[in-house]
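Single-letter residue listing:
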Amino acid sequence: MLDTHARKYVQPSIEHTSKWLTKLGLTANQVTTIAFIIGIASGGIYALGFPILAVIALWLSGFLDAVDGTMARMTKPSSFGTVMDITFDRIVEISIILGVAYLHPEVMWPLLLLSVSIIFSMTIFLTVGAVSEKQGIKSFYYQAGVAERTEGFIFFSVMMLFPSILMWTTLAFFAVEVFTAMQRFLEAKRILS
């Protein structure tokens, strides 16, 4: 939801950073890789007991993840870049979940439910993107929903910074992911029927 409706407020800084990194000679795929490395490091940093640093790394990774797409659209987008971007995003999410599970094994079941809900939601998202004839500014049809990348980062941040409410935050994240999956499923029925 925030990615769709609030992007216009941060887009100027994303574009400025995109131009700067392009001038430095970096490609969109290189920035995707840098964002990926910082993102997976976030889960490890959390597991080592540095939650604030982990959250900073997560958000830096997310910012660079937005920058790489803008760089690709400014230069030469590639289909493989899209595959890298989506794959690396999921691995970053997995690293956060694993880092949290490592420090808080008592919340393993809610974290497992959250993982399943992300798989469910992304399956619908990617399938609709693959079979839909609609195209957005991205290289495939992007289904908006209540839980987009920014909402996920907010939930992950709360999970890492406030372990006393970890179980409830994880279950709330799970519920929002399932709601988003159903929202996307019903939209798919409408646009593909």
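Calculation criteria
- Residues numbered from 1 in each chain as written.
- Predicted model: local features only at pLDDT ≥ 70, side-chain atom pairs only at ≥ 80, totals over all residues.
- Heavy atoms only, no water.
- Salt bridge = Lys/Arg side-chain N within 4 Å of Asp/Glu carboxyl O.
- Helix = DSSP H or I, 4+ residues; strand = E, 2+ residues; numbered from the N terminus.
- Buried < 20%, exposed > 50% of the residue type's maximum accessible area, 1.4 Å probe, protein only.
- Polar contact = N/O pair within 3.5 Å; in protein donor to acceptor, adjacent residues only side chain to side chain.
- Core = buried A, V, L, I, M, F, W, Y, C linked by side-chain atoms within 4.5 Å.
- Contact = heavy atoms within 4.5 Å.

(A) Representation of the pattern of salt bridges in the model. The tally for this structure, following the rule as stated, stands at five salt bridges. A salt bridge links Glu-93 to Arg-90; the nearest nitrogen and oxygen atoms lie 2.8 Å apart. Taken together, the positions of Glu-93 and Arg-90, both in helix α5 (residues 79-103) and three residues apart, correspond to about one turn of that helix. Residues Glu-93 and Arg-90 agree in their burial class; the two are buried. With a shortest N-O distance of 3.8 Å, Arg-190 and Glu-187 are connected by a salt bridge. You can see Arg-190 and its partner Glu-187 sitting in helix α8 (residues 166-192), three residues apart, about one turn around the helix. Taking the relative accessible area as the measure of exposure, Glu-187 reaches 17% and is therefore buried.

(B) Molecular detail of the side chain of Ser-157. For Ser-157, the location among the structural elements is in helix α7 (residues 149-161). Judged by relative accessible area, which is 9%, Ser-157 ranks as buried. Among the polar contacts made by the side chain of Ser-157, one reaches the main-chain carbonyl oxygen of Phe-153 at a distance of 2.7 Å.

(C) Inspection of the nonpolar core at higher detail. Ranked by size, the top nonpolar core spans 28 residues in total, and within it Leu-58, Val-100, Leu-111, Leu-114, Phe-156, Met-159 and Met-160 carry the most contacts. Only α3 (28-47), α4 (51-74), α5, α6 (108-131), α7 and α8 provide two or more residues apiece to this core. Here this core gets eight residues from one element, more than from any other, and that element is α5. Met-159 has contacts with Tyr-46, Val-100, Leu-111, Leu-114, Leu-166, Thr-169, Thr-170 and Phe-173, leaving out every residue within four places of it along the chain.

Nothing here speaks to function; it is all geometry.
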